[in-house]
Amino acid sequence: MIAALALAWLAGSALQLQQAELWAPGVYLVMGAAAVLVLAGAAWRAGRLGAGVAVCLAACVATGALACAQAGLRGGARVADTLPAALEGRDLVVSGRIIRLPQVDAEGLHFLFAPDDARGADNQPVTLPPRLWLAWPREGAGALPQVLAGERWQLPLRLKRPHGAMNPEGFDAELWLFEQGIGAVGSVRASAPTDPQRLGHPRWWRPDEQLDAARQRWRDAALLQGGGPDVAGVLAALTVGDQSAIDSPGWALFRQTGVAHLMSISGLHITLFAWLAGGLVGHLWRQSRRLMLAWPTPYAARWGGVLLATGYALVAGWGVPAQRTVWMLALTVGLQQLGLRWPALLVCLLAGAAVAALDPWALLQPGFWLSFVAVALLIASHPPEVDTEQALGWRERAVAALRGALRQQVIATLALAPLTLLLFQQISLIGFVANLLAVPWVTLVVTPLALAGLVLPPLWALAGWALQPLLTVLGWLGQVPMAVWTVPAAPTWAAALCLLGGALLVLPLPWRARLAGLPLLLPLLWPAIQRPAPGHFELLAADVGQGSAILVRTAHHLLLHDTGPSYGQDNDAGQRVLLPLLRARGETRIDSLVISHRDTDHVGGAPAILAALPVGELRTGLEPNHPLRQSTGPGGQPVPHVDCEAGQTWQWDGVRFEVLHPPAHLWHHGLKPNAMSCAVRVQDAAGHSAFLTGDIEAEQEQALVERLGSGLKSDILLVPHHGSQTSSTPAFLAAVQPKVAVIQVGYRSRFGHPHPAVLARYAAAGIPVVRSDHCGAWLEQDDGAWCTRVVRKRYWHWQAPALSPAGGVVVATD
């Protein structure tokens, strides 16, 4: 009954998270009140007549409804805390405190801010959300300000509502902001009339502020004393749970070798800490006769271990694995205190329900499922203990321990492989070997030394020395060919079969039953990938922010036109958006990578793409001395380069591609980059067409109209230069006559794109406009066109007030 109620709570929470829009608060209140009444009646009836099937079913339904109601009410409260649209872009002076750990990178400072006073330019008070995510940009080569968690500051800010890229697959930035309770994002203004001012230090009577300040001091000390940047970042993650100091190449190596789960404070670390802390508490307790008479030593040791482990989890940042471990430890000790022996699986299930009750949105984190599924399957697959009358010697015990550790690693690898493929579309084929080396070394050597550095800072250097050989070995393993296996994103039915197959493989069942799990994995491992029929193409305009990236897929070929912007050091659209999107779509090769011109919002992701995927050819409008023209592929082989020239044509699978701009003679005129944009027209066998324009401007548009006239006519127009006033002339629009125009643009673009005059021009011509900041990624196939923000819509997502569906295409206007 208890297990059924826990599962019902998880199911109710999960169902609420699928809501595209929240119900009215009164609906949730009525639902919650009715659920409480039903639960009370079920408890009364069970007490008098016993818990029959009907009573159990009613209690489970009521529990799920109560979970849904509380998640909905809390979700509504968070939605209400979002920044009002009227305050976006306004100059504000805000006072408040820095909470949690500030992060530093090449671009500047990033931190969470809790405002307590805010005023506009007219000095009138305004109401802000309780949490803001702020960036303090670095000014040239100048030093960043020294800020400490818990300090109170007055800052000149400009804010906007939470908004992130929205693509068919990939990271949901808006969900992450929503789960953290962040109602606005913004930046500290460098040239504001009011300078930033430190108003106060962490308050000594506030333990949360003192803890955050201490965590930052420990993090900074670990970064300074732990060794090189690659080592020190890992030590900071293992000490205080701050993973921001691990750079992109480091994360790439850890994912490739399957040890990324170790580069933070995991449940295993906290369990080991609780065991050691409990032993220390028990030893100290025995030194006092009075304490032993007041409370038995075993009780003190158990609860002391739990309390100290809770403190360690708080220092670690209270992530999902830490929460799971603390709840499981507390439940286990509490049951022992009461003389009860509940199954370990039930304890794991109750811990999961407790985490979901405190944070319903944790169910949408991959870490939640990886953590709980790993523990649950290890418990469920554990063989029954066999009593033996003969005491084992130390050698037998050592062999048994090694055999048990090897068995657990095999189970964890097999059990989590399907789930990892579902969540990330890739898995490390060398992860088993890497984890055999890394798990004991990190858990028993590196982590204890890193934690001891909190008391004796010189030990951080020793921890760094211990970690360096492991990183070297992981680097060797990461160079193994085919170290990572990728699969496309699986449909729901294939995901369910895959999870069932993985469970059958590791559960203690007869081998015939286990082998039945293998065919259930096939729909995930070798999925049927949907491709356009010969003679047709599909077009995906990715949401990369202020930049351009378009995928054109035929039956057997892929063209990528531009690669989006660079967001900062080690951070670009190639890594963050396009590679996850390509993996999820089952793309393993790009036949032609077209770079329209050199602007960073078009070329920023190209190095990451070229380093990760084979590219058949690189066709660009780049100047002769641009380094990308001499690019090499993943194996070091040169990528053939072709200058974009009008008149170039080729056919793939019955689809015709033609370069319309620039003409060959312009290569010798030294024109600005926009004027050399490589513009490509795509047309299928039925005459359906798309025009990919890059950043051509009015002069180039006029030349195209004069040279090609009605030959420009296309069903889909990728709006030139993101809707800038320099482009989209009336004559050009009259020649192209698009049925839909797609603008790839960033939310509240600092360039003012798209310009209102340009939008008015499209409206006057009767051309529907799709904006990526309103629509997300836009996908056009034979059976229609869709906006990702409509398909993936959830109540925490930003929605444009002007969006309206029109014949399968979402039209957005200002």
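The following paragraphs examine the structure supplied in this document. (Residues numbered from 1 in each chain as written. Predicted model: local features only at pLDDT ≥ 70, side-chain atom pairs only at ≥ 80, totals over all residues. Heavy atoms only, no water.)

### Let's talk about the sheet that holds strand E9 (residues 538-541)
What the 8 strands build is an open sheet, ordered E16-E15-E14-E11-E10-E9-E24-E25; its pairing is mixed. Across the chains shown, the open sheet's two edge strands, defined by having one partner strand only, are strand E16 (641-643) and strand E25 (784-787). In this sheet, neighbouring strand axes are inclined to one another by 15° on average, regardless of whether the strands run parallel or antiparallel. As paired elements, strand E11 (residues 558-561) and strand E14 (residues 592-595) share 3 bridges and run parallel to each other. Across the sheet, Leu560 pairs through a bridge with Leu593, a residue of E14. (Pairing = 2+ DSSP bridges. Helix = DSSP H or I, 4+ residues; strand = E, 2+ residues; numbered from the N terminus. Axes fitted to C-alpha atoms, helices over the stretch in contact; angles between N-to-C directions.)

### Things to note about the pattern of salt bridges
Counted according to the given criterion, the structure contains 23 salt bridges. We note a salt bridge from Glu21 to Lys793, for which the minimum N-O separation is 2.7 Å. Taken together, the positions of Glu21 in the loop between helix H1 (2-16) and helix H2 (25-49) and Lys793 in the loop between helix H27 (788-791) and strand E26 (804-806) put the pair 772 residues apart, joining distant regions of the chain. Its salt-bridge partner being Asp208, residue Arg206 comes within 2.8 Å of it at the nearest N-O pair. Each member of the salt-bridge network shares a partner with another, and the members are Asp91, Arg158 and Arg189. (Salt bridge = Lys/Arg side-chain N within 4 Å of Asp/Glu carboxyl O.)

### Let's talk about a nonpolar patch on the surface
Judged by side-chain polarity, Ile2, Leu338, Leu340 and Trp342 come together as a nonpolar surface patch covering roughly 370 Å² of accessible area. Following the sequence through the fold, Leu338 ends up in the loop between helix H11 (320-337) and helix H12 (344-358). On the basis of relative accessibility, which here comes to 64%, the residue Leu338 falls in the exposed class. (Patch = residues over 30% accessible without salt bridge, like charges linked within 9 Å, V, L, I, M, F, W, Y side chains within 5 Å. Areas by Shrake-Rupley, 256 points an atom, 1.4 Å probe, with all protein chains shown as cover. Buried < 20%, exposed > 50% of the residue type's maximum accessible area, 1.4 Å probe, protein only.)

### Points about unusual backbone geometry
Cis geometry marks the peptide bond from His661 to Pro662, where omega comes out at 10°. Considering the arrangement of structural elements, one finds Pro662 in the loop between strand E18 (655-661) and strand E19 (679-683). Positive phi values are uncommon outside glycine, yet Gln425 reaches one of about 60°. Here Gln425 lies in the loop between helix H14 (394-424) and strand E7 (426-428). For Gln737, which is not glycine, the phi torsion reads 50° and is therefore positive. Locating Gln737 in the fold gives a position in the loop between helix H24 (730-736) and strand E22 (740-743).

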